[in-house]
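The primary structure of each chain is shown beneath.
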Number of protein chains: 4
Amino acid sequence: MLSQLHDPHLRAFASDNYAGVHPELLAAIAVANGGHQTAYGEDVYTGRLQDVVRAHFGPTAEAHPVLTGTGANIVALQAMTPRWGAVLCAATSHLHTDEGVAPEAAARTKLIVVDSRDGKLTPEHIAAHASALGDEHRAQPSVVSITQATEPGTVYTPQETAAVSAAAHANGMTVHLDGARLANAAAALDVPLRALTTDAGVDVVTLGGTKNGMLFGEAVVVLDPAAVDGLAFVRKTSAQLASKMRFVSAQFIELLGSDLWLRNARHANAMAGLLAERVRRLPGVEIVRPVQANAVFAVLPREVTTRLQKRFNFYTRDERTGEVRWMCSFDTTPDDVETFVRAIAEELGVQGSDHEGGQQ
Amino acid sequence: MLSQLHDPHLRAFASDNYAGVHPELLAAIAVANGGHQTAYGEDVYTGRLQDVVRAHFGPTAEAHPVLTGTGANIVALQAMTPRWGAVLCAATSHLHTDEGVAPEAAARTKLIVVDSRDGKLTPEHIAAHASALGDEHRAQPSVVSITQATEPGTVYTPQETAAVSAAAHANGMTVHLDGARLANAAAALDVPLRALTTDAGVDVVTLGGTKNGMLFGEAVVVLDPAAVDGLAFVRKTSAQLASKMRFVSAQFIELLGSDLWLRNARHANAMAGLLAERVRRLPGVEIVRPVQANAVFAVLPREVTTRLQKRFNFYTRDERTGEVRWMCSFDTTPDDVETFVRAIAEELGVQGSDHEGGQQ
Amino acid sequence: MLSQLHDPHLRAFASDNYAGVHPELLAAIAVANGGHQTAYGEDVYTGRLQDVVRAHFGPTAEAHPVLTGTGANIVALQAMTPRWGAVLCAATSHLHTDEGVAPEAAARTKLIVVDSRDGKLTPEHIAAHASALGDEHRAQPSVVSITQATEPGTVYTPQETAAVSAAAHANGMTVHLDGARLANAAAALDVPLRALTTDAGVDVVTLGGTKNGMLFGEAVVVLDPAAVDGLAFVRKTSAQLASKMRFVSAQFIELLGSDLWLRNARHANAMAGLLAERVRRLPGVEIVRPVQANAVFAVLPREVTTRLQKRFNFYTRDERTGEVRWMCSFDTTPDDVETFVRAIAEELGVQGSDHEGGQQ
Amino acid sequence: MLSQLHDPHLRAFASDNYAGVHPELLAAIAVANGGHQTAYGEDVYTGRLQDVVRAHFGPTAEAHPVLTGTGANIVALQAMTPRWGAVLCAATSHLHTDEGVAPEAAARTKLIVVDSRDGKLTPEHIAAHASALGDEHRAQPSVVSITQATEPGTVYTPQETAAVSAAAHANGMTVHLDGARLANAAAALDVPLRALTTDAGVDVVTLGGTKNGMLFGEAVVVLDPAAVDGLAFVRKTSAQLASKMRFVSAQFIELLGSDLWLRNARHANAMAGLLAERVRRLPGVEIVRPVQANAVFAVLPREVTTRLQKRFNFYTRDERTGEVRWMCSFDTTPDDVETFVRAIAEELGVQGSDHEGGQQ
């Protein structure tokens with residue numbers, strides 16, 4: 001019997017996928033276990049998942065479970081773009097910065113990358129690149145890919161999303177939404193998932209499960225079936241077709257069929273809010289981006305960062321500016337936050353009692 | 001809370017991945033849960049897995065967990081072949097028949113396909129195709145891929161494997177073993193895993209977890225590090241890098257660090273043996289291939305097959321000959337077998353008491 | 001000034017692309033020279049070529065000049081197949097045997113290869129593979145590719161071609177014809193080009209220029225525009241868009257706008273016929289395939305082949321059987337044939353006067 | 001016989017590949033014609049070309065003729081980068097702006113694009129991106145690609161090139177030089193070709209033929225054989241292997257074996273210089289980039305551009321700023337320049353006699 005090799009009480013602020021699986025989702029896996037179910041998606045749980053997804057995203061929605069976030073993106077993009085198509089995205093996008101050469105070598109598309117301080121695309125970006133359409137010498141932007149919540153921690157409002165979609169559609173492009181943290185965005189704005197997707201003209205969502213508390217699994221959710229072609233085939237070709245798919249689907253049913261998706265996202269957001277609030281009182285740290293979802297971006301002295309990273313796992317986002325990223329997760333506790341803030345204060349040489357004095 | 005949507009006591013003979021997860025492996029997942037662990041393979045479980053894998057495959061072995069069988073194959077092949085390389089494999093290979101266009105479109109290689117009744121490659125096959133080497137007009141076979149146990153249910157002996165490896169190496173090719181059912185082959189031959197791999201000159205194994213009882217997860221096990229290049233990068237590019245990798249590794253530790261891999265494989269093989277034994281007594285059914293691992297291939301009248309498939313899930317392998325495949329799994333029970341054999345007898349119009357009479 | 005480094009009177013029987021350029025085509029290049037013309041196909045010659053091609057292939061035909069035969073094939077196939085599509089072709093096809101891994105790595109498709117002694121596909125082949133359609137685990141045959149004249153030197157009749165097209169279309173597939181030697185087939189059957197293509201249901205032709213006497217250049221000729229998508233974009237992506245395209249188009253205008261294509265093809269065929277007639281009289285050589293276009297396939301003693309290849313360039317087609325291929329070209333002369341036949345006779349140890357005695 | 005469909009005396013300023021073929025190169029083609037030569041590069045002209053190329057680039061140089069500029073780039077990059085490699089290049093590079101999705105979909109690499117006003121990369125750019133090396137989540141820059149002369153018309157000095165090469169090599173990257181206009185750069189700097197390539201640490205050059213006066217043909221010139229792998233195979237796979245290669249090689253022998261390459265480049269540069277000199281006198285036009293090779297970049301009123309483009313072919317480079325590009329070619333005459341300048345003056349409403357009057 002496997003002995004536990006790690007400390008299950010240790011949590012840091014590196015990434016929302018450093019967390020494990022939410023107990024309710026592990027329980028759902030156990031419920032789906034036992035007996036035989038047709039592999040590769042013909043099981044009853046994947047069937048039922050369709051109802052759950054339609055309740056959120058509307059009657060045309062179809063959920064195609066896959067295995068990883070990169071996998072979800074490359075399956076969606078291959079189903080959305082012709083062989084010669086290109087994808088317009090922000091320079092901050094996970095697609096561009098964190099997926100190696102997968103978009104190019106696996107999805108065989110070119111990313112047309114747009115600089116954007118807040119990680120958001122706008123109708124102006126789309127208009128500027130639409131001029132390439134029809135010119136065989138230039139990459140053809142056929143899909144606009146936006147991230148929600150964005151990698152720099154901002155959220156698109158429904159109106160901003162709708163404006164992007166309208167501009168894309170007006171130029172014959174379709175809209176892909178990388179929703180690895182869509183739940184966090186919906187929680188932040190206190191709107192239903194469909195307000196940020198179906199109702200805002202998005203065509204295809206890659207819906208995050210792992211960062212929302214699942215053991216494994218994401219889903220490509222098609223909102224407009226006319227925007228994709230051959231999705232089942234490209235999922236298989238991209239090695240994203242799980243044999244025991246029932247266990248991805250069972251988790252998604254549990255997550256989305258209850259309010260667990262929202263509880264997890266709200267909690268992670270709230271912890272980021274708490275962390276930001278505490279950190280703002282510390283001299284020597286500056287929060288450099290709006291805290292809208294579950295990430296806090298801050299600049300602090302490099303030597304402080306170095307010492308702090310020996311005690312807690314987290315990433316430096318920009319070596320030049322010293323900007324760091326602190327992510328909160330569904331399982332981050334207020335105690336974790338306070339412990340971390342105390343450590344920051346210590347490394348900054350600030351008295352903990354001082355900066356929390358106002359609370360007494 | 002998710003309600004169970006399926007009958008956990010219903011098992012058929014369609015595929016070993018129609019089964020769920022073995023309870024000991026689900027328990028291992030729970031042990032690895034809680035707290036934060038570095039994502040993408042820097043966790044302690046993936047570290048420990050290296051020891052477990054080396055105990056089986058020898059001191060140079062490295063395990064790279066991935067997510068699906070097709071994923072394991074395309075990662076291995078991309079790390080083994082240059083951009084212009086081709087892969088020699090049997091016409092029966094999963095790679096050729098069941099992975100869509102993944103080898104070509106995702107791994108970007110050409111399969112050079114060899115007809116082989118028993119699913120095995122031989123040194124003669126390799127010699128015949130080596131003549132293309134150096135000719136820029138012809139695909140360059142740079143990897144030989146064999147399956148163990150083969151898709152038609154046979155097993156390569158250590159000697160047969162070593163002969164293939166020797167012929168491949170003599171021609172400057174490396175050897176890939178698709179080991180989705182390697183455990184079943186080792187159980188069938190009653191030899192350790194390394195007798196069929198490391199000791200037989202195999203360079204890279206894709207080691208099956210799912211068909212051996214895991215919830216999800218496979219591993220590319222590199223035996224000769226000189227045979228691969230950039231594996232970490234192609235795993236990422238191929239969307240096979242799991243964020244919460246600890247849960248794949250924990251299962252593999254439990255599976256391979258105990259005798260569970262062997263128990264599961266022996267049981268599945270034994271059930272196939274039992275099924276074959278019972279079926280052989282039935283007039284009107286012919287077992288058409290040697291039963292060496294966990295599959296039984298039989299020919300029976302088409303209308304019998306049609307009626308039987310309404311009661312039990314299984315696949316017709318060849319529409320022309322009427323050959324069907326019956327797979328046994330780690331969770332197949334002797335009762336399942338007897339129930340199925342009774343049904344076959346009924347559909348054949350054979351008296352169950354008659355054909356089993358001899359046993360009384 | 002470049003000095004001539006080769007003997008312009010030496011011709012052998014290795015391949016129809018060992019020949020140079022026909023003088024009338026070199027003259028056409030000179031006519032198109034001088035002044036500036038828009039690059040990449042917007043020149044007047046490429047415009048005029050459309051009329052010439054439509055006169056042969058019918059009013060919906062569009063010619064897209066490209067640079068190589070492999071290039072023509074991969075452009076056509078990418079425009080014809082979705083990202084997940086596969087191509088049904090004969091095991092003898094140039095696509096499968098002589099284009100390295102271009103169909104897989106460049107066109108990113110899988111070839112589903114069918115054994116065929118005479119190099120022809122039949123409706124039965126198509127029906128046998130259509131069963132894979134819709135199954136995401138199996139490669140999806142979406143295009144049927146036939147070669148005319150085939151690599152083993154046979155020709156499809158208009159009726160045979162129409163039967164293939166009908167079977168393909170009935171199964172939702174389209175038809176690609178690799179016409180590297182389409183002119184030779186038309187000459188052999190004494191039918192117009194459209195009888196073998198447009199009128200026989202072919203959707204896209206890759207039309208050979210080089211083997212028909214051009215300096216360089218081939219064309220993808222689309223007969224049914226509904227069968228392709230984004231051809232201009234995949235031509236560019238595949239590096240087959242010539243900047244000074246006027247020189248490809250001018251040659252095609254000269255070739256197809258006069259009877260030069262037919263003269264060249266008829267001559268090459270006639271020389272193959274003469275060679276076959278002469279060789280048939282020689283004891284010790286057997287012609288093993290029908291001589292329908294410009295190739296002769298023969299079996300002769302291995303040591304004779306070895307000696308003969310020191311005197312004349314030609315290829316052994318099959319090392320096991322000793323089958324050799326002798327190709328005739330637009331510039332092969334009757335004297336070349338007689339000289340070659342004499343050499344064969346000498347190496348066979350047959351008296352030239354004996355075997356030609358009947359002629360006296 | 002083809003009639004001439006165009007005016008051979010009309011030349012504009014759109015691109016150096018709007019020109020035809022230089023008469024001396026057409027003569028070289030005729031010299032290489034006649035008789036049979038082994039196809040696909042085993043001919044005597046391609047053999048001789050190696051000597052000619054070594055005389056320019058040094059004793060380790062190997063020339064691999066190909067067909068198009070995009071083809072040359074994708075062959076070179078595939079031979080230089082592993083499957084997971086990326087290419088660092090300037091945002092202005094032809095590779096990024098004018099080759100559709102060929103680098104991504106055909107060469108299957110990611111371009112890491114660097115903004116650069118003058119089109120040049122610097123050691124700082126390389127250092128900034130080297131930090132990604134070893135991180136599987138990020139694209140791995142393995143090749144630095146520079147253009148000479150750059151697309152915005154500047155030239156790298158030997159010292160600048162050497163600095164780029166040193167920085168690349170220090171970070172384990174190799175250096176590719178897109179030399180579509182290398183001759184123009186060498187002419188501009190009055191240095192031999194090797195001063196800008198071999199002697200400056202460049203590993204692989206794609207050497208332009210077409211823009212230097214050839215009918216068709218480019219070459220991948222490998223300077224350091226250790227920097228490439230499998231070039232012959234990727235050339236074939238990329239459909240860049242010409243069957244009648246003798247005609248590419250014969251042109252290159254004529255071009256590089258005499259001073260024709262330099263005459264053509266010097267002339268084109270001189271015409272650009274003349275154009276710039278004349279235009280500088282015109283009020284209402286501003287030359288906005290240094291004129292170093294054969295291009296002139298100018299800004300003039302949009303309505304003037306519109307009227308002028310009805311009379312002469314040329315491209316607008318930037319719709320927002322109104323910047324246009326005027327290219328000179330080997331066949332541009334001083335009269336062409338004067339005629340064009342007069343037209344510009346007319347459209348600007350400037351008296352030709354006025355603005356030139358001062359010179360008398």
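Structure: above.
Attention here is on the structure that accompanies the text. (Residues numbered from 1 in each chain as written. Chains lettered and ligands numbered in written order. Predicted model: local features only at pLDDT ≥ 70, side-chain atom pairs only at ≥ 80, totals over all residues. Heavy atoms only, no water.)

### Quick notes on unusual backbone geometry
A negative phi holds for most residues other than glycine; trans holds for most peptide bonds.
Argument step 1. The omega torsion of the bond from Gln148(B) to Ala149(B) falls at -20°, within 30 degrees of zero and hence cis.
Argument step 2. At Asp190(A), a residue that is not glycine, the phi angle is positive and equals roughly 55°.
Argument step 3. On the secondary structure map, Asp190(A) appears in the loop between helix H8 (182–189) and strand S6 (204–207).
Argument step 4. Unlike most non-glycine residues, Arg108(C) shows phi in positive territory, near 55°.
Argument step 5. Structurally, Arg108(C) can be placed in the loop between helix H5 (102–106) and strand S3 (110–114).
Argument step 6. Among the residues examined, Arg108(C) registers a relative accessible area of 3% and is labelled buried. (Helix = DSSP H or I, 4+ residues; strand = E, 2+ residues; numbered from the N terminus. Buried < 20%, exposed > 50% of the residue type's maximum accessible area, 1.4 Å probe, protein only.)

### Some remarks on the interface of chain C and chain D
Interfaces are often sized by the accessible area lost when the parts come together.
Argument step 1. Listed per partner, the contact involves 69 residues of chain C and 69 residues of chain D.
Argument step 2. Contact with chain D buries surface across chain C, with Leu2(C), His36(C) and Lys244(C) losing the most and accounting together for 15% of the total.
Argument step 3. Viewed at the interface, chain D and chain C are joined by 44 residue pairs in polar contact (both at pLDDT 80 or more).
Argument step 4. When contributions to the side of chain C that touches chain D are tallied by element, the ones reaching two or more residues are helix H1 (23–32), helix H2 (44–57), helix H3 (69–80), H5, helix H9 (231–237) and helix H10 (246–257) of chain C.
Argument step 5. Looking at the side of chain C that touches chain D element by element, the count peaks at 7 residues for H1(C).
Argument step 6. When its residues are assigned to classes, the side of chain C that touches chain D shows 34 nonpolar, 25 polar and 10 charged. (Contact = heavy atoms within 4.5 Å. Buried area = accessible area lost by both parts, 1.4 Å probe. Polar contact = N/O pair within 3.5 Å; in protein donor to acceptor, adjacent residues only side chain to side chain. Nonpolar A, V, L, I, M, F, W, Y, C, P; charged D, E, K, R; others polar.)

### Focus: the pairing of strand S2 (residues 85–90) of chain D
Residue and element names in this part refer to chain D.
Argument step 1. Burial analysis of S2 places 6 of its 6 residues in the buried class, the great majority of the element.
Argument step 2. Across the two faces of S2 the burial is the same, with Gly85, Val87 and Cys89 and Ala86, Leu88 and Ala90 all buried.
Argument step 3. Direction of pairing for S2 relative to strand S3 (residues 110–114): parallel, over a ladder of 5 bridges. Within S3, the residue paired with Leu88 across the bridge is Ile112. (Pairing = 2+ DSSP bridges.)

### Regarding the interface of chain A and chain B
Argument step 1. Tallying the contact residues gives 69 residues for chain A and 69 residues for chain B.
Argument step 2. Approximately 5500 Å² of surface area, both sides summed, lies buried where chain A meets chain B, with 59% of it carried by carbon and sulfur atoms.
Argument step 3. Considering only the surface of chain A that becomes buried against chain B, Leu2(A), His36(A) and Lys244(A) emerge as the three largest contributors, covering 15% of it.
Argument step 4. Connecting chain A to chain B are 0 salt bridges.
Argument step 5. On the surface where chain A and chain B come into contact, there are 44 residue pairs in polar contact (both at pLDDT 80 or more).
Argument step 6. Sorting the residues of the side of chain A that touches chain B by element identifies helix H1 (23–32), helix H2 (44–57), helix H3 (69–80), helix H5 (102–106), helix H9 (231–237) and helix H10 (246–257) of chain A as the ones contributing at least two each.
Argument step 7. Tallying contributions element by element places H1(A) first for the side of chain A that touches chain B, with 7 residues.
Argument step 8. For the side of chain A that touches chain B, the residue count by class is 34 nonpolar, 25 polar and 10 charged. (Salt bridge = Lys/Arg side-chain N within 4 Å of Asp/Glu carboxyl O.)

### Topic: the state of the cysteines
Argument step 1. Overall, the coordinates contain 0 disulfides over all chains when judged by the stated rule.
Argument step 2. Free of any disulfide, Cys89(B) has its nearest cysteine sulfur in Cys89(C), 15 Å distant.
Argument step 3. What makes Cys89(B) buried here is its relative accessible area of 0%. (Disulfide = S-S within 2.5 Å.)

### Structural notes on the sheet that holds strand S11 (residues 323–327) of chain D
All names here are of chain D.
Argument step 1. Strand order in the open sheet formed by 4 strands is S8-S9-S11-S10, with antiparallel pairing between adjacent strands. Each edge of the sheet is formed by a strand with only one pairing partner; in this case those strands are strand S8 (286–287) and strand S10 (315–318).
Argument step 2. Across the sheet, helix H11 (residues 260–280) lies against S8, strand S9 (295–299) and S11, angled at about 25° from S9, the strand it touches most. (Axes fitted to C-alpha atoms, helices over the stretch in contact; angles between N-to-C directions.)

### Re the relation of the copies chain C and chain D
Argument step 1. Note on the identical chains: chain C maps onto chain D by a rotation of 180° and an axial translation of 0.0 Å, with an RMSD of 0.0 Å. Between the two chains, the operation in question is that of a two-fold axis. Considering only C-alpha atoms, the part of chain C nearest the rotation axis is Ala106(C), at 2.9 Å.
Argument step 2. Comparing contact sets, 100% of the residues at the interface of chain C also lie at the interface in chain D, consistent with an isologous, same-surface contact. (Least-squares fit on C-alpha atoms with pLDDT ≥ 70 in both.)

### A look at the relation of the copies chain A and chain B
Argument step 1. With an RMSD of 0.0 Å, the operation that places chain A on chain B is a rotation of 180° combined with a shift of 0.0 Å along the axis.
Argument step 2. Mapped onto chain B, 100% of the interface residues of chain A again fall at the interface, so both copies present the same surface.

### Overview of the pairing of strand S11 (residues 323–327) of chain A
Residue and element names in this part refer to chain A.
Argument step 1. For S11, the buried fraction is high: 5 of the 5 residues fall into the buried class.
Argument step 2. Side chains Glu323, Arg325 and Met327 of S11 all project onto a buried face; the interleaved residues Val324 and Trp326 project onto the opposite face, where all are buried too.
Argument step 3. Two elements, strand S9 (residues 295–299) and S11, share 5 bridges in a ladder whose sense is antiparallel. In the strand pairing of S11, Ala298 is matched with Val324.

### Quick look at the packing of aromatic side chains
Argument step 1. Applying the stated criterion across every chain, the model contains 30 aromatic pairs over all chains.
Argument step 2. Measuring from centroid to centroid gives 5.0 Å for Phe312(A) and Phe340(A), while their planes differ by 65°, and the two rings are edge-to-face. With Phe312(A) in the loop between helix H12 (302–311) and strand S10 (315–318) and Phe340(A) in helix H13 (residues 334–348), this residue pair connects regions lying 28 residues apart in the sequence.
Argument step 3. Exposure remark for Phe312(A): the relative accessible area of 14% places this residue in the buried category.
Argument step 4. Taking the centre distance of 6.4 Å and the plane angle of 90° together, the rings of Tyr18(D) and Tyr315(D) count as edge-to-face. Placement of the pair is Tyr18(D) in the segment before helix H1 (23–32) and Tyr315(D) in strand S10, with a sequence separation of 297 residues.
Argument step 5. Judged by its relative accessible area of 39%, Tyr315(D) is partly exposed.
Argument step 6. A connected cluster of aromatic rings, assembled from ring pairs, spans Phe13(A), Phe312(A), Phe314(A), Trp326(A) and Phe340(A).
Argument step 7. The aromatic ring of Phe297(B) is capped on one face by Arg289(B), whose charged end is 5.6 Å from the ring centroid.
Argument step 8. When the ring centre of Tyr156(D) is taken as origin, the NZ or CZ atom of Lys120(D), which lies over that ring, is 5.9 Å away. (Phe/Tyr/Trp six-rings, centres within 6.5 Å; stacked < 30°, edge-to-face > 60°. Lys NZ or Arg CZ within 6 Å of the ring centre and 35° of its normal.)

### Some details on the pattern of salt bridges
Argument step 1. On inspection of all chains with the given rule, the structure shows 72 salt bridges over all chains.
Argument step 2. In this structure, Asp190(C) and Arg266(C) form a salt bridge, with 3.2 Å as the shortest nitrogen-oxygen distance. Taken together, the positions of Asp190(C) in the loop between helix H8 (182–189) and strand S6 (204–207) and Arg266(C) in helix H11 (residues 260–280) put the pair 76 residues apart, joining distant regions of the chain.
Argument step 3. Residue Asp190(C) is classed as exposed on the basis of its relative accessible area, which comes to 58%.
Argument step 4. Three or more residues are tied together by salt bridges with common partners; here these are Glu277(A), Arg278(A), Arg281(A) and Glu338(A).

### Topic: the side chain of His56(B)
All names here are of chain B.
Argument step 1. Note that His56 resides in helix H2 (residues 44–57).
Argument step 2. For His56, a relative accessible area of 16% corresponds to the buried category.
Argument step 3. Polar contacts involving the side chain of His56 include one to the main-chain carbonyl oxygen of Leu256, which spans 2.8 Å.
Argument step 4. Sequence-distant contacts of His56, that is, excluding residues within four places in its chain, are made with Leu193, Arg194, Leu256 and Trp261.

### Here's the deal with the packing of helix H12 (residues 302–311) of chain D against helix H13 (residues 334–348) of chain D
All names here are of chain D.
Argument step 1. Closest axis-to-axis distance for the H12/H13 pair is 9 Å, and the angle between their directions is 140°. If you check the angle between H12 and H13, you find them oblique. Remark: the crossing between H12 and H13 carries right-handed chirality. Counting all contacts with H12, which are made through Val304, Arg307, Leu308 and Arg311, the residues of H13 involved are Phe340, Ala343, Ile344, Glu346, Glu347 and Leu348. (Parallel < 35°, antiparallel > 145°, perpendicular 65-115°, else oblique. Left-handed = near helix turned anticlockwise from the far one by under 90°.)

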